[in-house]
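Observations on chain architecture
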Amino acid sequence: MATQMTGVTRTPTGPAEGKPRMKGRHLVMMSLGSAIGTGLFVGSGKGVAAAGPATLMAYVVAGLLVIAIMYMLGEMVAAHPDSGAFSVYTSRAMGPAAGFAMGWVWWIELVIVVAAEAIAAASTLVAMWPVAPVWLLTLIFLVVLTAVNLLGVDRFGEFEFWFALFKVAAVLVFLVVGVLLICGVLAAPAAGASNLVGHGGFMPNGWSGVAAALLMVTFSFGGIEIMAVAAAETEDPARNVSRAVRTIVWRILLFYMGSVAVMVIAVPWDDPKLGTSPFVAVLDRAGIPAASEIMTLVIVLALLSSLNANLYGAARMLGSLAERGMAPRAAMRTRGRSVPATAVLASVLFGFCCVLATFKWGDTVLDTLLNIVGSTIIVTYFFTICSQYVLRRRVEREGTPLPMRIKGFPVVSWVSMILLAGIVVLGMFAPDVRAQLLSTGALVVVLYLVGIAWSRHDGRSPFRPTTD
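Here, residues in each chain are numbered from 1, in the same order as that chain's written sequence. Where local features are concerned, this predicted model is filtered to residues with pLDDT of at least 70; where side-chain atom pairs are given and counted, the filter is 80 or more; whole-chain, interface and lining totals use all residues. Based on all heavy atoms of the structure, the side-chain values leave hydrogens and waters out of the count.

Overview of the overall build of the chain
For clarity, the threshold we go by: Numbering of helices and strands runs from the N terminus, with a helix taken as a DSSP run of H or I at least four residues long and a strand as a DSSP run of E at least two residues long. Working definition: with a 1.4 Å probe on protein chains only, accessible area under 20% of the residue-type maximum means buried, over 50% means exposed, and in between means partly exposed. By the convention used here, residues are in contact when the closest approach between their heavy atoms is within 4.5 Å. Residue burial considers only the protein chains on display, and all accessible areas are found by Shrake-Rupley using a 1.4 Å probe.
Scanning the chain from N- to C-terminus turns up 20 helices and zero strands. A buried classification covers 57% of the 468 residues belonging to the chain. Within the chain, contacts between residues separated by at least 24 positions form 80% of all contacts whose residues are at least 6 apart in sequence. As displayed, the chain has an accessible area near 18500 Å², and 68% of this comes from carbon and sulfur atoms.

Focus on the pattern of salt bridges
The line we're drawing: Each salt bridge in this description consists of a side-chain nitrogen of Lys or Arg and a carboxyl oxygen of Asp or Glu lying within 4 Å of one another.
Applying the stated criterion to the full structure yields seven salt bridges. A salt bridge links Glu396 to Arg392; the shortest N-O distance between them is 3.1 Å. Pair noted here: Glu396 and Arg392 are both in helix H18 (residues 376–398), with a separation of four residues, about one helical turn. Glu396 sits in the partly exposed class, given a relative accessible area of 38%. Residue classification places Arg392 among the buried residues on the basis of a relative accessible area of 5%. When salt bridges with common partners are traced through the structure, they connect Glu75, Arg392, Arg393, Glu396 and Arg405 into a single cluster.

Some points on unusual backbone geometry
Put simply, Phe409 and Pro410 share a cis peptide bond, and its omega is 5°. Position of Pro410 relative to the elements: it lies in the loop between H18 and helix H19 (411–427). A positive phi is found at Ala85, a non-glycine position, where the angle reads about 40°. With respect to the secondary-structure elements, Ala85 resides in helix H5 (residues 85–94). On the basis of relative accessibility, which here comes to 0%, the residue Ala85 falls in the buried class. The backbone phi angle of Ala290 is positive, close to 55°, even though this residue is not glycine. Topologically, Ala290 is positioned in the loop between helix H14 (278–285) and helix H15 (291–323).

So, the nonpolar core
The condition is simple: As used here, the term nonpolar core means buried Ala, Val, Leu, Ile, Met, Phe, Trp, Tyr and Cys residues forming a set that is joined through side-chain atoms within 4.5 Å.
Formed by 155 residues in total, the largest nonpolar core has its most connected members in Phe41, Phe86 and Phe221. Looking at this core element by element, the count peaks at 21 residues for helix H6 (residues 96–128). Discounting chain neighbours no more than four positions away, the residues touching Phe41 are Ile36, Val171, Pro278, Phe279, Met295, Val298, Ile299 and Ala302.

Things to note about the state of the cysteines
This is how it is decided: By convention in this document, the label disulfide applies to cysteine sulfur atom pairs within 2.5 Å.
Following the criterion strictly, the structure yields zero disulfides and no others. Free of any disulfide, Cys353 has its nearest neighbouring cysteine sulfur in Cys354, separated by 6.9 Å.

Points about the packing of aromatic side chains
Put simply, the test is: Each aromatic pair joins two rings of Phe, Tyr and Trp (for Trp, the six-membered one) with centres within 6.5 Å, and gets the label stacked for planes under 30 degrees apart, edge-to-face for over 60, and tilted for any other angle.
Counted under the stated rule, the structure contains 13 aromatic pairs. Aromatic side chains Phe100 and Trp104 sit 6.3 Å apart centroid to centroid with 50° between the ring planes, which places their arrangement in the tilted category. In this pair, Phe100 and Trp104 are both assigned in helix H6, four residues apart and thus about one turn of the helix distant. For the pair Phe100 and Trp104, one class covers both residues: buried. Aromatic side chains Tyr389 and Phe409 sit 5.6 Å apart centroid to centroid with 45° between the ring planes, which places their arrangement in the tilted category. With Tyr389 in helix H18 and Phe409 in the loop between H18 and H19, the pair connects residues that are 20 residues apart, well separated along the chain. With a relative accessible area of 16%, Phe409 lands in the buried category.

Concerning the environment of Phe141
Relative to the helices and strands, Phe141 is located in helix H7 (residues 134–149). For the pair Phe141 and Glu117, spaced 24 residues apart in sequence, the C-alpha to C-alpha distance is 9.7 Å. Once residues within four sequence positions are removed from consideration, Phe141 is found in contact with Ala118, Ala121, Ala122, Leu125 and Leu304.

Side note on a nonpolar patch on the surface
Selection rule: For patch detection, residues must exceed 30% relative accessible area and be free of salt bridges, and they are connected within 9 Å for like charges or within 5 Å for nonpolar side chains (Val, Leu, Ile, Met, Phe, Trp, Tyr).
Where nonpolar side chains cluster on the molecular surface, the patch consists of Val61, Val411, Val415 and Leu419 and spans about 280 Å² of accessible area. Tallying contributions element by element places H19 first for the nonpolar patch, with three residues. With respect to the element layout, Val411 can be found in helix H19. We classify Val411 as exposed; its relative accessible area is 54%.

Considering helix H8 (residues 153–182)
Note the threshold: Here, expected helix span is obtained from the residue count minus one, scaled by 1.5 Å.
Here H8 is 30 residues long and its end C-alpha atoms lie 43 Å apart, about the 44 Å a rise of 1.5 Å per residue gives. One or two residues past the end of H8 sits Gly184, with phi positive at roughly 90°.

Remarks on the environment of Ile378
Locating Ile378 in the fold gives a position in helix H18. Given the relative accessible area of 8%, Ile378 is considered buried. Distance from Ile378 to Ile423, taken between C-alpha atoms, is 9.0 Å for residues 45 residues apart in sequence. Setting aside its immediate chain neighbours within four residues, Ile378 contacts Thr218, Phe219, Leu420, Ile423, Val424 and Leu437.

So, the side chain of Thr358
Looking at the element boundaries, Thr358 is found in helix H16 (residues 341–361). We classify Thr358 as buried; its relative accessible area is 7%. When neighbours within four sequence positions are excluded, Thr358 is seen to be in contact with Ile119, Val134, Trp135 and Val365.

Things to note about the packing of H5 against H6
In a pair of packed helices, the angle between the axes and the distance between the axes together describe the arrangement. Short version of the rule: For every element, the axis is a line fit to its C-alpha atoms; helices are fit only across the contacting stretch, and the angle between N-to-C directions ranges from 0 to 180 degrees. If an angle is under 35 degrees, it is roughly parallel; if it is over 145, roughly antiparallel; if it lies from 65 to 115, roughly perpendicular; otherwise it is oblique. Less than a right angle of anticlockwise turn of the near helix away from the far helix marks a crossing as left-handed, whereas a clockwise turn marks it as right-handed. In this classification, Asp, Glu, Lys and Arg are treated as charged, Ala, Val, Leu, Ile, Met, Phe, Trp, Tyr, Cys and Pro as nonpolar, and every other residue, Gly included, as polar.
At a minimum axis distance of 7 Å, the contact between H5 and H6 shows a crossing angle of 160°. One finds that H5 runs roughly antiparallel with respect to H6. Seen along the crossing, H5 lies across H6 with a hand that is right-handed. Residues Phe86, Ser87, Thr90, Ser91 and Met94 of H5 lie in contact with H6, whose contacting residues are Pro96, Ala98, Gly99, Phe100, Met102, Gly103 and Trp106. Split into classes, the residues belonging to the contact of H5 with H6 amount to seven nonpolar, five polar and no charged.

Brief notes about the confidence of the model for the chain
Segments scoring low in pLDDT should not have their predicted coordinates read at a detailed level. Definition in use: You can read pLDDT as the predictor saying how much it trusts each residue, on a scale of 0 to 100.
Mean pLDDT for the chain: 83, with 90% of residues reaching 70 or above. Below a pLDDT of 50 lies the segment residues 1–17, which in the model reaches 53 contacts outside its immediate sequence neighbourhood of four places, other chains included. The low-confidence segment residues 458–468, where pLDDT is below 50, has 17 contacts with residues more than four positions distant or belonging to other chains.

Here is the structure:
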């Protein structure tokens with residue numbers, strides 16, 4: 001199906017007819033599961049510790065921003081599903097050098113995240129059940145999930161479907177337990193709403209606490225953009241992308257805001273356990289046996305699910321870059337069942353190197369990886385907003401219909417950009433976040449300059465105007 005987003009005709013990047021594809025339920029469940037990871041299971045507690053009950057305000061602001069951005073991305077994906085996703089849209093809207101920078105920044109981020117999640121899953125499991133050294137479990141996790149990614153996109157989709165379903169079920173059970181606890185069914189007296197205004201009030205750390213929580217919350221939403229990459233290998237992408245995007249609204253309201261509301265109502269915000277293990281704190285208060293062990297298993301599976309999806313996304317982005325002449329052509333090679341095997345192996349190679357580093361240096365490797373990534377999600381959001389604005393203006397001038405159209409344009413785009421800029425400004429006042437923002441910004445500039453230089457290398461520029 002030809003794109004209607006740019007005024008040029010191009011066949012969407014994805015499997016040829018008859019090749020394996022993910023089903024609609026795979027994409028919808030992946031979009032659900034991508035929002036449920038350590039950002040919710042651990043990061044939510046850090047937000048509560050920073051802002052108290054007022055962290056709900058941070059989730060409202062960040063949630064609205066993410067919802068708007070995903071609708072923008074969904075509009076572009078429905079019109080032109082492509083495994084290069086936001087990199088492709090950035091190229092079309094802002095030039096190929098910008099698309100080069102966006103694609104490589106995202107790939108580098110995911111490569112690091114894949115390694116970090118493998119080590120974090122192993123470390124979390126070993127802390128509870130020391131069954132093997134961290135480096136060995138990390139190696140096992142990477143080998144198994146690399147194999148899953150090499151099986152074919154339909155089998156990957158089925159595997160990730162059950163991964164995500166488990167996480168969704170775990171959060172739903174938590175919400176039910178939390179409501180019963182608040183109502184006094186599982187504990188007496190009922191928690192009620194006293195914790196919302198007690199212990200220093202609703203906003204115990206003032207607006208500065210809310211600002212700090214906003215930064216943590218925004219970064220915790222990273223990963224939901226995987227849906228845009230997966231759409232190119234899904235049956236009837238325009239229809240299924242629309243379905244997946246529509247679930248974002250209620251999933252953020254239910255899973256994130258619902259879970260955080262349960263936490264701050266059921267447990268005093270200054271409870272030390274809430275800051276480090278928020279779900280465990282609520283389950284312990286409800287008298288659930290082995291709450292810590294249960295949540296450890298859930299967190300490990302959430303990390304592995306995220307690793308699985310991020311490896312998929314990294315491989316598809318690298319393959320897309322290669323197809324557009326922005327990466328070595330070897331990354332385009334596929335094997336049986338249309339799997340970009342070279343891109344998968346290249347994307348997990350850094351993880352295997354980190355196994356050796358963990359064997360030698362231990363926990364310091366994970367700490368280093370976590371300090372590197374984080375602010376790259378801001379880059380993805382920035383380019384998504386800019387691309388959607390430019391491309392939407394373009395199709396409106398041409399009078400081209402769109403399969404999915406975001407309402408409130410261009411106001412939603414401008415408000416989203418203002419919110420994003422505000423988050424960046426807040427981040428500049430936090431030393432750790434400022435360092436990440438500046439280093440990521442420098443990386444984007446360097447990659448942009450490399451993209452320009454590459455495009456001028458010779459007459460066979462990989463950045464020649466798109467006419468295919």
